[in-house]
Amino acid sequence: MGTAPTEVTPPKLGKLKVARQCLLQRYEHRPFVSCLAGLYGCQWRRCQRTHAQPGHCCCSKLECGSFALIVLTFCICLVFLYFWSEARNDYNDFDWFNFGNLGFWFPWSIVLLILAVFLFTYVAFLLVLAVCLLSEGQRLYLHWFHKIGISVALILSIVASSVLTDLWSKEWMTVLLSFQITAPYLHIGGVVLMTLLSWPVALHVFQLNMRVSRMVMMVLYITVLGTLYLVPLGMHSPCIKERSSLGSAPALIGHRGAPMLAPENTYMSFEKALAAGADGLETDVTISYDGVPFLMHDKNLRRTTNVKHIFPNWTHTSSAMFTWKQLQSLNAGSWFFSQDPFGTASSLSPDERLQAQNQSVCTLRTFLDLAAQYGKLVIFDLYRPPWGHPYRDAWISRTLDVIQNESSIPSSQVLWLPPELREFVQEIDPDLQQTTSNQAPVEELKLRHISRLNIHYSSMSEKEIRKYAVANISTNLYVISEPWLYSLAWCAGAHSVATNAVHILKNLQRPLFLMTPNEYRLMWTLTDITSLLLVVIIFVFHWWRERGLARIVDSSSLLEHGSYRQFRTEVNDVWSLSNMSSSEKQIPSLSSA
């Protein structure tokens, strides 16, 4: 009668996989995934994209190791970048330190910062690509070029951090201080990051066959997330306080004047500091060979004068071994433009440039008279001349003679810092404000008539500052030029700071990052609650999706462990397509019949 129906032969397993891939392609974000795979593994063709099989690991052991290397490198690059970016306050000291060792000026600090930013950006980009690929259920295939790049980034970050730790270990104290300012915001960033990671984590948790792997991933994620939620309970910052308890802003003492606006330790530099609103002036004093106290920080004149051109054979000679007449013949301002230590020389007007280029070495007497004219405090380091110097044993008395008899400054405006012969100095001039760099017990400081501490900012402690303040001992911190460090000193209760940036810090109306305890509790509580809700929703969504897929699978598709119902919708789809094809072939036969 009619042609018998054509028997449908079940497709082979290989054809099922091809059919499944074709069916699922319409649901893929094909351009997006192709771009991710191309950037991460240079796999730009669509056929090179490979899905992770349901219930299996997302990548091979080699690629798991590559992903772990990316995560490790990301963490180390982040530490390197954070460490060096927070050390910005001391970039100038770092560059001059290298100048003293290498003999030439170069902004090494900026080069290191650029390197840190580049390495971190590169590694972070690869990490984001990997997480996005995992979120799309794609296997990872990191290109060999990126594997080399990651290894180079890891080595450079470790070497740079190690060298900086060896040369500039005190900067790690700056990092610890910075946490008192940035910790609340780092906490929010960490919570946001872990919340975003909940999507790929939940995706793979509910697709893994092995219960042990699934539990390890869940426990690890929940532990990290829970720790982040509870971190604020043990967090302390001087800038989290009631605004009514905030003291007045620390007085600003121009460190060598205003070295960002004029050559350091010159008359112009101190004028600039006073014009910017400095409350005091800081300098360094050396005694010339013929007994004239003058201002010079370095042991020699190589860095801040043109001694190389005037006295080429005396470049490394101690500055104290020059007579005052010889010192007067030197230019103490032209180097400011050739080296531009703060990158601010171009901001000077033509008249200011001409004035700066003609600065000479300044005497202590001129410095004190300028401070007396404006009624400002002064503080200075006093360097003892080397052996063979006529004033080797009379440097203290010679300096006191300038203060008492040659200058017009009242002794009460002088913070006397040199520790040598302190009892002798007190006996000669009891009106001097005795200042020390030694954080001794309060009782000992009182016996020595100390009225002010002068300590490095890395020793900053709100508790210690308040302890000394109760005993009427003020605290001066040096050298603070970054607004965040000044804000921290303000919140900690410091009375004054020595700074290179009077013109910048003077404009701060209140500390940066200042917030009340209630504002902080509200901020981190809302962050944690919002994150928790999003994480729960994401995990529930992935659980619901896997349950939904399991319902349309044949009941015999359970795996041996029973932890995942394997996705086999491709079988039904392929059989449907096969039946449709068979039906189309039968229509002509039936019509002919």
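See above for the structure.
What comes next concerns the included structure. (Residues numbered from 1 in each chain as written. Predicted model: local features only at pLDDT ≥ 70, side-chain atom pairs only at ≥ 80, totals over all residues. Heavy atoms only, no water.)

Some remarks on the overall build of the chain
No. 1: Across its full length, the chain carries 22 helices and nine strands.
No. 2: Within the chain, the fraction of its 593 residues that count as buried is 47%.
No. 3: Counted over contacts in the chain with a minimum sequence separation of 6, partners at least 24 positions apart contribute 68%.
No. 4: Accessible surface for the chain amounts to roughly 30100 Å². Of this, 62% is attributable to carbon and sulfur atoms. (Helix = DSSP H or I, 4+ residues; strand = E, 2+ residues; numbered from the N terminus. Buried < 20%, exposed > 50% of the residue type's maximum accessible area, 1.4 Å probe, protein only. Contact = heavy atoms within 4.5 Å. Areas by Shrake-Rupley, 256 points an atom, 1.4 Å probe, with all protein chains shown as cover.)

Section: the packing of aromatic side chains
No. 1: Counted by the stated rule, this structure contains 27 aromatic pairs.
No. 2: For the pair Phe-94 and Trp-168, a centre-to-centre distance of 5.6 Å together with 90° between the ring planes defines the contact as edge-to-face. Here the residue Phe-94 occupies a position in helix α4 (residues 91-102), and Trp-168 occupies one in the loop between α6 (144-167) and α7 (171-205), the gap between them amounting to 74 residues. The exposure classification of Phe-94 matches that of Trp-168, with both residues buried. (Phe/Tyr/Trp six-rings, centres within 6.5 Å; stacked < 30°, edge-to-face > 60°.)

As for helix α8 (residues 211-230)
No. 1: A rise of 1.5 Å per residue sets the reference length of α8, with its 20 residues, at 28 Å; its end C-alpha atoms lie 28 Å apart and thus fit the reference within 8%.
No. 2: Taken residue by residue, α8 has Arg-214, Tyr-221, Leu-225, Leu-228 and Tyr-229 as its buried positions. Burial along α8 is one-sided: seen end-on, the buried residues are contained in an arc of 105°. The exposed set on the far side of α8, more than 90 degrees from its buried face, consists of Val-212, Val-216, Leu-220 and Leu-230. (Expected span 1.5 Å × (residues − 1). Arc of directions from axis to C-beta.)

Topic: the nonpolar core
No. 1: Counting 62 residues, the largest nonpolar core has Phe-367, Leu-368, Ile-409, Trp-416, Met-460, Leu-477 and Ile-480 as its most contacted members.
No. 2: The element contributing the most residues to this core is helix α19 (residues 483-492), with eight residues.
No. 3: Residues in contact with Ile-480, not counting those within four places in the same chain, are Asn-89, Tyr-457, Met-460, Leu-485, Tyr-486, Ala-489, Val-497, Ala-498, Thr-499, Asn-500 and Leu-505.
No. 4: Core analysis: the next-biggest nonpolar cluster, separate from the first, contains 37 residues, Phe-74, Phe-83, Phe-120 and Ala-124 among them. (Core = buried A, V, L, I, M, F, W, Y, C linked by side-chain atoms within 4.5 Å.)

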